Amino acid sequence: MTSKLRFFLLAVVCLSGLSSASAADLLPVTAPTPEARADGWNFSFSPYFWIAGLDGETSVLGLPTVDVSQDFGDILSGVDFAFMGAGDARYDRYSIFTDMAYVRVTTDSGTPRGILAGEVDLKSVTFTALIGGAYTLYEDDRTRFDVLAGARYWHLETTLSFSGGLLAGVSRTDKEDWVDAIVGVKGSYAFNDHIFMTGWGMIGAGGATLDWDVLGALGYKFNDTVSAVLGYRAQGVDYSNDDFSYDMIQHGPIIGMTIRF
């Protein structure tokens with residue numbers, strides 16, 4: 001892999017948003033766990049970790065489109081800070097939910113011949129936030145099935161700074177913000193008092209041509225307060241505006257927990 005291609009791939013990684021320190025009990029929307037509803041409001045918080053890779057293509061600052069295929073190990077080295085968490089508040093059959101993710105990447109790379117620049121520094125911030133509401137269409141002692149609708153906000157910011165060569169001292173920043181409307185379903189089924197399966201499917205558009213998210217997982221309920229989940233998640237977005245494009249799929253195993261109170 002050439003140094004130039006390696007640099008572009010690092011730029012793609014930082015735009016991904018859910019890279020190294022990603023994950024979920026579940027992510028964008030707290031996945032339902034099979035349990036009877038208590039009277040009044042019920043709340044939950046879900047920290048998570050997503051071992052995600054990237055596949056797709058992107059272009060920033062008018063640079064040529066780059067094809068990307070990166071596994072989790074390739075991505076991990078470029079991330080210096082990330083946080084993700086989901087929350088859910090439920091009353092009877094109604095619930096509101098949110099999921100927020102923040103990722104900051106700082107990295108550098110040499111250029112092929114060092115004529116235009118000896119080194120390129122890359123700083124990138126990605127922030128996504130999903131908020132919406134859900135309604136339980138069906139629920140019994142083992143099963144729960146919800147429909148949901150909401151909106152996901154995206155913020156991508158990338159700064160390239162050049163040192164050495166003809167571009168020494170030059171710095172450029174590219175920012176993109178957009179919102180996508182999202183609809184979908186989520187549900188769970190309990191095999192017994194402890195083991196259950198859960199998942200969701202969501203799709204939307206707006207600023208992006210397409211925004212989708214699917215998850216399937218098995219969970220273990222330790223008690224009425226804490227449960228853990230292990231599964232597989234894939235999320236894709238296809239966005240373009242002038243000289244910026246981002247058509248990417250993130251996918252991989254996911255592990256997380258839910259704390260209810």
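The structure displayed is predicted, hence computed values, not measured ones. By convention here, each chain's residues receive numbers from 1 onward along its written sequence. In view of the model being predicted, local features appear only for residues whose pLDDT reaches at least 70, and side-chain atom pairs are presented and counted only at 80 or more, with totals across whole chains, interfaces and linings using the full set of residues. Only hydrogens and water are set aside when side-chain values are computed; all heavy atoms of the structure are taken into account.

### Side note on the overall build of the protein chain
Then, number 1: Each helix and strand counted, the protein chain has two helices and 12 strands in total.
Then, number 2: Here the protein chain, with 261 residues, has 48% of them falling under the buried criterion.
Then, number 3: Should any heavy atoms of two residues lie within 4.5 Å, those residues are considered in contact. Nonlocal contacts in the protein chain, meaning residues at least 24 apart in sequence, comprise 66% of its contacts between residues at least 6 apart.
Then, number 4: In the form shown here, the protein chain has an accessible surface area of approximately 11,700 Å², with 60% of it arising from carbon and sulfur atoms. Secondary structure counts use DSSP, requiring at least four H or I residues in a row for a helix and at least two E residues in a row for a strand, with both numbered from the N terminus. Throughout this description, buried means an accessible area under 20% of the type-specific maximum (1.4 Å probe, protein chains only), exposed means over 50%, and partly exposed covers the range between. Note that accessible areas follow from Shrake-Rupley with a 1.4 Å probe, and for residues the cover is restricted to the protein chains shown.

### Focus: the environment of Tyr-48
Then, number 1: Mapped onto the elements of the fold, Tyr-48 is located in strand β1 (residues 41-50).
Then, number 2: Judged by its relative accessible area of 9%, Tyr-48 is buried.
Then, number 3: Between the C-alpha atom of Tyr-48 and that of Ile-254, which follows or precedes it by 206 residues, the distance is 7.5 Å.
Then, number 4: A polar atom in the side chain of Tyr-48 sits 2.9 Å from the side chain of Asp-99. Any pair of N or O atoms that falls within 3.5 Å is considered a polar contact. Within protein, one atom must be able to donate a hydrogen and the other to accept it, and sequence-neighbouring residues count only if both atoms are side-chain atoms.

### Comments concerning the pattern of salt bridges
Then, number 1: Whenever a carboxyl oxygen of Asp or Glu lies within 4 Å of a side-chain nitrogen of Lys or Arg, that contact is scored as a salt bridge. Taken as a whole, this structure holds seven salt bridges when the rule is applied.
Then, number 2: Of the charged contacts, one joins Asp-224 and Lys-221 as a salt bridge, the two residues approaching to 3.4 Å between their closest N and O atoms.
Then, number 3: The class for Asp-224 is exposed, based on a relative accessible area of 59%.
Then, number 4: By relative accessible area, Lys-221 is classed as buried at 13%.
Then, number 5: Within this structure, Arg-152, Asp-211, Asp-213 and Arg-233 form a network of salt bridges that share partners.

### A few points about a nonpolar patch on the surface
Then, number 1: Only residues above 30% relative accessible area that lack a salt bridge enter a patch, with like-charged residues linked at up to 9 Å and the nonpolar side chains Val, Leu, Ile, Met, Phe, Trp and Tyr linked at up to 5 Å. On the surface, a cluster of nonpolar side chains totalling about 810 Å² of accessible area is made up of Trp-41, Phe-43, Phe-45, Phe-83, Tyr-91, Met-257, Ile-259 and Phe-261.
Then, number 2: Broken down by secondary-structure element, the contributors of at least two residues to the nonpolar patch are β1, β4 (79-91) and β12 (244-260).
Then, number 3: Considering each element in turn, the nonpolar patch owes the most residues, three residues, to β1.
Then, number 4: For Trp-41, the position within the fold is in strand β1.

### Notes on the packing of aromatic side chains
Then, number 1: Two rings from Phe, Tyr or Trp (for Trp, the six-membered ring) form a pair when their centres sit within 6.5 Å of each other. Planes less than 30 degrees apart are called stacked, planes more than 60 degrees apart edge-to-face, and all others tilted. Within this structure, the stated rule accounts for 10 aromatic pairs.
Then, number 2: Measuring from centroid to centroid gives 5.4 Å for Trp-41 and Tyr-91, while their planes differ by 45°, and the two rings are tilted. Here Trp-41 is found in strand β1, whereas its partner Tyr-91 is found in strand β4, with 50 residues between them in sequence.
Then, number 3: Measuring from centroid to centroid gives 3.7 Å for Trp-178 and Tyr-239, while their planes differ by 5°, and the two rings are stacked. On the criterion of sequence distance, the pair formed by Trp-178 in strand β8 (residues 171-190) and Tyr-239 in strand β11 (residues 226-241) is long-range, its members being 61 residues apart. Grouping residues by exposure puts Trp-178 and Tyr-239 together as buried.
Then, number 4: By the ring-pair criterion, three or more aromatic residues cluster together here, those being Trp-41, Phe-43, Tyr-91 and Phe-261.

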